[in-house]
Amino acid sequence: MQRVTGLVARRQVRGLAAGAARVQTGKSGSIFCRQPAVGLLHHRCQQRARLCTGPARPVGVKPGHRSSGWRFLFAGEKGRLFSSQAGADEPPGSPGSQPHISVVGIPDPLTWIRCKVITFLIELYFQVDINSAEFHRGVKQALVHVSNKMSRGRYHELKGVVTDEMREYVEEKCKSLTKAQRRQLAVNMEDIIFVLPEDISVVFDEHGRKFCFVVMRFWLVSSHEGPDDPEGTKIFKVASSEDGSPQRKLATAVYEFHGELKTGTSPDWMVTTVWHWLWKVAE
């Protein structure tokens, strides 16, 4: 098992971008960091190194117990779980009909294949199915929760879901937005068109612990002012508005999730990277 998962850790999936930065983590692992915004690269790689060399974070389930749910524990509400299990409450969506969306392209097939291989190995050795409907429902709920808190300026309520370093980064990025632009950050479940892993890494630290980093890209419709996200128009096309309502735009968001892998237990995931196309538009 150590040999196979070690191979995964050494041969990182790099994502869609050609550029990558390498950071050594202790004696046992390395990370290839990809980011959608240049200013985020140094911050993200430093944060990964700290997460993989710091003390272990307690897991939310008892040792030896396998949990099929993907969940977040909210700060200050120890009994409340953000769950992806079937039947879990989903954040409310916005009223009104969604525009017609057509598919005009496909995601990068090589990235899709590489992520499939690594998700298979992670499921085989750690019983964590990153490709499951439950996991995808959970990451969608995370996007909805985090984006809505950002849109209201309630960054302190992200504690326990987003790392402290990323909360500070998010708050700093949102300072440059107008009040109207900040409100446009909010994403509802119905706005999400598609979600796909863009990069998956398994990293060993010097103590032999194993950490998983999963970068998810979300394609969504937005009411922001400005151009469509080129990453969105490669794959989807939004029909023109015919009822006089504002034209919806294509946007993407990239979130990275981090959790420690332990055989037979479900990781406690944390959001370690947040990026929204609207930040790029507002620059």
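Residues numbered from 1 in each chain as written. Predicted model: local features only at pLDDT ≥ 70, side-chain atom pairs only at ≥ 80, totals over all residues. Heavy atoms only, no water.

## Re the overall build of the protein chain
1) Next: The helix and strand inventory of the protein chain stands at 8 helices and 10 strands.
2) Next: Looking at the protein chain as a whole, 51% of its 283 residues are labelled buried.
3) Next: Accessible area for the protein chain stands at about 13,700 Å²; split by element, carbon and sulfur atoms hold 53% of it. (Helix = DSSP H or I, 4+ residues; strand = E, 2+ residues; numbered from the N terminus. Buried < 20%, exposed > 50% of the residue type's maximum accessible area, 1.4 Å probe, protein only. Areas by Shrake-Rupley, 256 points an atom, 1.4 Å probe, with all protein chains shown as cover.)

## Regarding the nonpolar core
1) Next: By size, the foremost hydrophobic cluster in this structure holds 48 residues, and its most contacted members are Ile122, Met150, Phe218, Tyr255, Val274 and Trp279.
2) Next: Those elements giving two or more residues to this core turn out to be helix H3 (109–126), helix H4 (133–151), helix H5 (164–175), strand S6 (192–204), strand S7 (210–222), strand S9 (249–261), strand S10 (270–276) and helix H8 (277–282).
3) Next: The dominant element in this core, judged by the number of residues it contributes, is H4, at 7 residues.
4) Next: Of all hydrophobic cores here, the second largest spans 7 residues; its members include Trp219, Val221, Phe236 and Val238. (Core = buried A, V, L, I, M, F, W, Y, C linked by side-chain atoms within 4.5 Å.)

## Let's talk about the environment of Glu168
1) Next: Here Glu168 shows up in helix H5.
2) Next: Glu168 sits 13 residues away from Tyr155 along the chain, and the two C-alpha atoms are 8.4 Å apart.

## Considerations on the pattern of salt bridges
1) Next: What the rule picks out here adds up to 11 salt bridges.
2) Next: A salt bridge links Asp205 to Arg209, with the nearest nitrogen and oxygen atoms 2.7 Å apart. Residues Asp205 and Arg209 agree in their burial class; the two are buried.
3) Next: As a salt-bridge pair, Lys234 and Glu231 come within 3.6 Å of each other at their nearest N and O atoms. (Salt bridge = Lys/Arg side-chain N within 4 Å of Asp/Glu carboxyl O.)

## A look at the packing of aromatic side chains
1) Next: One pass over the structure, following the stated rule, counts 6 aromatic pairs.
2) Next: With 5.9 Å between their ring centres and 85 degrees between their planes, Phe218 and Tyr255 make a pair best called edge-to-face. Of the two residues, Phe218 sits in strand S7 while Tyr255 sits in strand S9, which places them 37 residues apart along the sequence.
3) Next: Every member of this aromatic cluster is reached through a ring pair, and the members are Phe194, Trp219 and Phe236. (Phe/Tyr/Trp six-rings, centres within 6.5 Å; stacked < 30°, edge-to-face > 60°.)

## Remarks on the pairing of S9
1) Next: Summarising burial for S9: 13 of the 13 residues are buried, a large majority.
2) Next: Where S7 meets S9, 13 bridges bridge the pair, whose relative direction is antiparallel. Residue Val221 lies in a different strand from S9, and its bridge partner there is Leu250.
3) Next: Of the strand pairs in this sheet, S9 and S10 are connected by 6 bridges, and their pairing is antiparallel. When the sheet's bridge partners are listed, Ala253 is paired in S10 with His276. (Pairing = 2+ DSSP bridges.)

## A word on the confidence of the model for the protein chain
1) Next: Counting all residues, the mean pLDDT for the protein chain is 74, and 65% of those residues have values of 70 or more.
2) Next: The secondary-structure element of the protein chain with the lowest mean pLDDT is strand S1 (residues 21–25), recorded at 35, while S10 shows the highest, at 96.
3) Next: The low-confidence segment residues 1–35, where pLDDT is below 50, has 91 contacts with residues more than four positions distant or belonging to other chains.
4) Next: Here residues 55–95 is modelled with pLDDT under 50, and outside its nearest four sequence neighbours on either side it reaches 96 contacts, counting other chains as well. (pLDDT = per-residue confidence, 0-100. Contact = heavy atoms within 4.5 Å.)

## Digging into a nonpolar patch on the surface
1) Next: Together, Leu110, Trp112, Ile113 and Val117 make up an exposed nonpolar region whose accessible area comes to about 390 Å².
2) Next: Considering the arrangement of structural elements, one finds Val117 in helix H3. (Patch = residues over 30% accessible without salt bridge, like charges linked within 9 Å, V, L, I, M, F, W, Y side chains within 5 Å.)

## Description of the environment of Glu260
1) Next: Along the chain, Glu260 turns up in strand S9.
2) Next: A residue is classified by how much of its surface remains accessible, and Glu260, at 12% relative accessible area, is buried.
3) Next: Through-space distance from the C-alpha of Glu260 to that of Cys212 is 6.1 Å; in sequence the pair is 48 residues apart.

## Some words on the side chain of Lys249
1) Next: Looking at where Lys249 falls in the secondary structure, it is placed in strand S9.
2) Next: Although Lys249 is buried, it forms no salt bridge, and the closest oppositely charged side chain is Asp228 at an N-O distance of 5.8 Å.
3) Next: From its side chain, Lys249 meets the backbone oxygen of Gly226 in a polar contact 2.5 Å long.
4) Next: Not counting the four nearest positions on each side in its chain, Lys249 is found in contact with Leu220, Val221, Ser222, His224, Gly226 and Asp228. (Lys, Arg positive; Asp, Glu negative; His and termini not counted. Polar contact = N/O pair within 3.5 Å; in protein donor to acceptor, adjacent residues only side chain to side chain.)

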